[in-house]
Amino acid sequence: MSIAPIVNGFPLLSRVARTALNWTQEHAANEADVPKISLARFEIFSGDLSSAQIGRLFCVYEAAGISFTSTTDVLRIEIGQATAEIASASIAGARRSDYKGSQ
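Parameters at a glance
Residues numbered from 1 in each chain as written. Predicted model: local features only at pLDDT ≥ 70, side-chain atom pairs only at ≥ 80, totals over all residues. Heavy atoms only, no water. Helix = DSSP H or I, 4+ residues; strand = E, 2+ residues; numbered from the N terminus. Buried < 20%, exposed > 50% of the residue type's maximum accessible area, 1.4 Å probe, protein only. Polar contact = N/O pair within 3.5 Å; in protein donor to acceptor, adjacent residues only side chain to side chain. Axes fitted to C-alpha atoms, helices over the stretch in contact; angles between N-to-C directions. Left-handed = near helix turned anticlockwise from the far one by under 90°. Contact = heavy atoms within 4.5 Å. Nonpolar A, V, L, I, M, F, W, Y, C, P; charged D, E, K, R; others polar. Parallel < 35°, antiparallel > 145°, perpendicular 65-115°, else oblique. Salt bridge = Lys/Arg side-chain N within 4 Å of Asp/Glu carboxyl O.

Colleague: Would you explain the side chain of E43 in this entry?
Modeller: Turning to its location among the elements, E43 is positioned in helix α4 (residues 36-43). Overall, the relative accessible area of 3% leaves E43 in the buried class. One polar contact links E43 to R18, side chain to side chain, over a distance of 2.8 Å.

Structural data, given as structure tokens:
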């Protein structure tokens, strides 16, 4: 497997992985020791991260249960079952608290 498609698509993959984990940019940036503004720009393809910063983000997401794969023309994010259950519970809890606050 070539890592080039993953690296080239990593701004999008990062945003999707964060969303799946219910993480803010600030949380992901802190976990990977990357400036939040740099991550924000990177995820909208208007800034670059160093290879070391990309590597740290990659490792943070993998440690959280997200894996990335690619074929010639497809990028995939795989979310482990345990990670999906934790993220789902977190999202559901946030929705409940948001709902309560709007009444």
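Colleague: Looking at this model, I keep getting lost on the packing of helix α3 (residues 25-32) against α4. Mind explaining?
Modeller: The geometry of a pair of packed helices is captured by two quantities: the angle between their axes and the separation between those axes. One can describe the packing of α3 onto α4 by two numbers: an axis separation of 9 Å at closest approach and a directional angle of 115°. In the packing of α3 onto α4, the handedness of the crossing is right-handed. Mapping the contact onto sequence places Q25, E26, A28 and A29 in α3 and K36, L39, A40 and E43 in α4. Residues of the contact of α3 with α4, tallied by class, amount to four nonpolar, one polar and three charged.

Colleague: I keep staring at the packing of helix α2 (residues 10-21) against helix α5 (residues 51-63) and nothing clicks. Help me out?
Modeller: Two numbers describe how α2 lies on α5: the axes approach to 11 Å, and their chain directions differ by 30°. When the axis of α2 is compared with that of α5, the two are roughly parallel. At the point where α2 passes α5, the crossing takes the left-handed sense. Contacts between α2 and α5 involve F10, S14, A17, R18 and L21 on the former and, on the latter, I54, L57, F58 and Y61. Split into classes, the residues belonging to the contact of α2 with α5 amount to seven nonpolar, one polar and one charged.

Colleague: What exactly am I supposed to notice about unusual backbone geometry here?
Modeller: Backbone geometry follows two general trends: most residues other than glycine have a negative phi, and most peptide bonds adopt the trans configuration. Despite not being glycine, D33 shows a phi value in the positive range, around 55°. Counting through the fold element by element, D33 comes out in the loop between α3 and α4. The class of D33 is exposed, set by a relative accessible area of 59%.

Colleague: Just to check I follow, could you spell out the pattern of salt bridges for this structure?
Modeller: Two side chains bearing opposite charge may form a pair once their charged atoms approach each other closely. Considering all chains together, one arrives at one salt bridge under this definition. Between E43 and R18 there is a salt bridge whose closest N-O contact spans 2.8 Å. Here E43 is found in helix α4, whereas its partner R18 is found in helix α2, with 25 residues between them in sequence.

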